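Secondary and tertiary structure notes
Residues per chain, in single letters:
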Amino acid sequence: MTFSNDARFDVTAGVLIKRLLACVDRQSLITSKESLRPYECDGLSVYRETPLAVAIPESEAQAQAVLRTCHELGVPVVPRGAGTGLSGGALPHSQGVVLSMAKMASILRIDKDAQIAVVQPGVRNLAISEAAEPHGLYYAPDPSSQIACTIGGNVAENSGGVHCLKYGLTVHNVLRARVLLMNGDCVEFGSEAPDSPGLDLLALFIGSEGLLGVVTEVSVKLIPRPECARLVMASFDNPNAAGNAVAAIISAGIIPAGLEMMDKAISEAVEPFVKAGYDLDAAAILLAESDGTPAEVEAEITRMETVLRDCGARSLKVSDSEQQRLLFWAGRKAAFPAIGRISPDYYCMDGTIPRKHLGAMLSAIGDMEKKYGLGCANVFHAGDGNLHPLIMFDANIPGDLVKAEQFGAEILELSVSFGGSITGEHGVGAEKINQMCIQYGPEELSRFHGIKHAFDPAGLLNPGKAIPTLHRCAEYGAMVVHGGQLPFPEIPRF
């Protein structure tokens, strides 16, 4: 994928680099072609682009200077965290600058009494919990990439994780954000107090994918570590029964700390690696965790076991130690790299559907495997209907990548038809921008563009991502006919 040339972006590289060297030192500005290669993509490696430069500020003042310089010169800026994103949100602009926040990685304050951590954007997700551990606290959102992903990227993508069903997404765990706008102005959204006056711009900003501003400081909620946690692993002979069990657990008034589903392909991929004791004959496995006091956990585990048996679980295992609980989770968290061991390439999708349609979605994906001639392994944040199909392909085989993209697009559009969304936590980025045309109509998209314009009138911050133009949607609609009608007929250029 490449961005088309735009007459707005015509500053010469020499002028830009000279000006940027007044903002950061030489060691913090990358300009050589070879050194720029690691920044050509994020975790979605099928799309690549080389930026003019990468600036790595060490302070808010330096980041502010870079933004002001690029704003004055009319140069696009793409913010970047650890580059673990999976939707191309940090894909560079060929005539722009990547603003990496990797060096701003200090934990500024842990307030154990207020249960708050104040951190810079380059701090790793897991590092927050490690710093809070001596106080008996931790940061709840736990993406599978938490060992590497940063809080700035988590804010940009509104990241979740296996425990988001009970403890919420990033938006539910961030109290305040300090943000630089494209013109260098510094603003603060939210508050460390229980509430803040005015419009809730913090919730608007979280998940905005780098289109509205660049985070320089974040205040997050910390919560007490539960006294006890145990996990039930349930095996099912068919995916529909497992999907029904998910809905039944929630309907019974149980909110597990985590509720995940893995299909047979995932179990077979991870078991040789983690040796967690997964049932390799099962069509689907559910992992349901309870945490709290020992008495609360014992009661909830018993209730979940009853529901799972009533829904047709062929076998149940309950963790009998913390080591075994972590081992059960290890396979789930190793799902992506495990598929990388058995397939030359894979394409990780991210959609969300109502829980009651989990079984139907798995059946539909099975049909798509035959249609496209590609394998697909499935892992779900089942409790909130967030699915992660891993489409396996070989980029060295002509046409395989195109088929994988078409496969993924069909999954996303089916998610919308089920009453769901084209993303749950990975964001839209460059990857799903066409499917935004299916998710939203022209009126909603026009409002999104209006919000973008209010924060970034010049349109220089992460351009071409997340929000399609109405013209693009009209072109996409001309390619994909739904029910004999185009989704947006005769839409003028926005």
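Above: the structure in question.
From a predicted model like this one, the values you see are computed outputs, not experimental measurements.

1. Some thoughts on the overall build of the chain
- What the chain contains, in helices and strands, is 17 helices and 19 strands.
- In terms of C-alpha radius of gyration, the chain reaches 23 Å, essentially the compact-globule figure of 23 Å for 494 residues.
- In terms of principal-axis extent, the alpha carbons of the chain reach across some 65 × 60 × 45 Å.
- Put simply, the chain has 494 residues, and 54% of those count as buried.
- Taking all contacts inside the chain whose residues are at least 6 apart in sequence as the whole, residues at least 24 apart take part in 72%.
- Roughly 20000 Å² of accessible area belongs to the chain as shown, and the carbon and sulfur atoms make up 53% of that amount.
- Across the chain, the 40 positively charged side chains and the 57 negatively charged ones have centroids separated by 3 Å.

2. Here's the deal with the packing of aromatic side chains
- The full count for this structure, using the stated rule, is five aromatic pairs.
- Both rings, one in Phe189 and one in Phe205, keep their centres 5.8 Å apart while their planes meet at 45°; by these two values the pair is tilted. Here Phe205 lies in helix H7 (residues 201-205) and Phe189 lies in strand E9 (residues 186-190), a separation of 16 residues in the sequence. Grouping residues by exposure puts Phe189 and Phe205 together as buried.
- Ring centres of Tyr440 and Phe448 lie 5.1 Å apart, and the angle between their planes is 85°; this geometry places the pair in the edge-to-face category.
- Members of the aromatic cluster, each reached through a chain of ring pairs, are Phe189, Phe205 and Phe455.

3. Overview of the packing of helix H8 (residues 239-251) against helix H13 (residues 358-372)
- It is at 7 Å that the axes of H8 and H13 come closest, and there the two elements cross at 150°. Between H8 and H13, the angle falls in the class roughly antiparallel. Read as a crossing pair, H8 and H13 show a hand that is right-handed. Contacts from Pro239, Asn240, Gly243 and Val246 in H8 reach Leu358, Gly359, Ala360, Leu362 and Ser363 in H13.

Calculation notes
Residues numbered from 1 in each chain as written. Predicted model: local features only at pLDDT ≥ 70, side-chain atom pairs only at ≥ 80, totals over all residues. Heavy atoms only, no water. Helix = DSSP H or I, 4+ residues; strand = E, 2+ residues; numbered from the N terminus. Rg over C-alpha atoms; globule rule 2.2 N^0.38 Å. Buried < 20%, exposed > 50% of the residue type's maximum accessible area, 1.4 Å probe, protein only. Contact = heavy atoms within 4.5 Å. Areas by Shrake-Rupley, 256 points an atom, 1.4 Å probe, with all protein chains shown as cover. Lys, Arg positive; Asp, Glu negative; His and termini not counted. Charge placed at Lys NZ, Arg CZ, Asp CG, Glu CD. Phe/Tyr/Trp six-rings, centres within 6.5 Å; stacked < 30°, edge-to-face > 60°. Axes fitted to C-alpha atoms, helices over the stretch in contact; angles between N-to-C directions. Parallel < 35°, antiparallel > 145°, perpendicular 65-115°, else oblique. Left-handed = near helix turned anticlockwise from the far one by under 90°.

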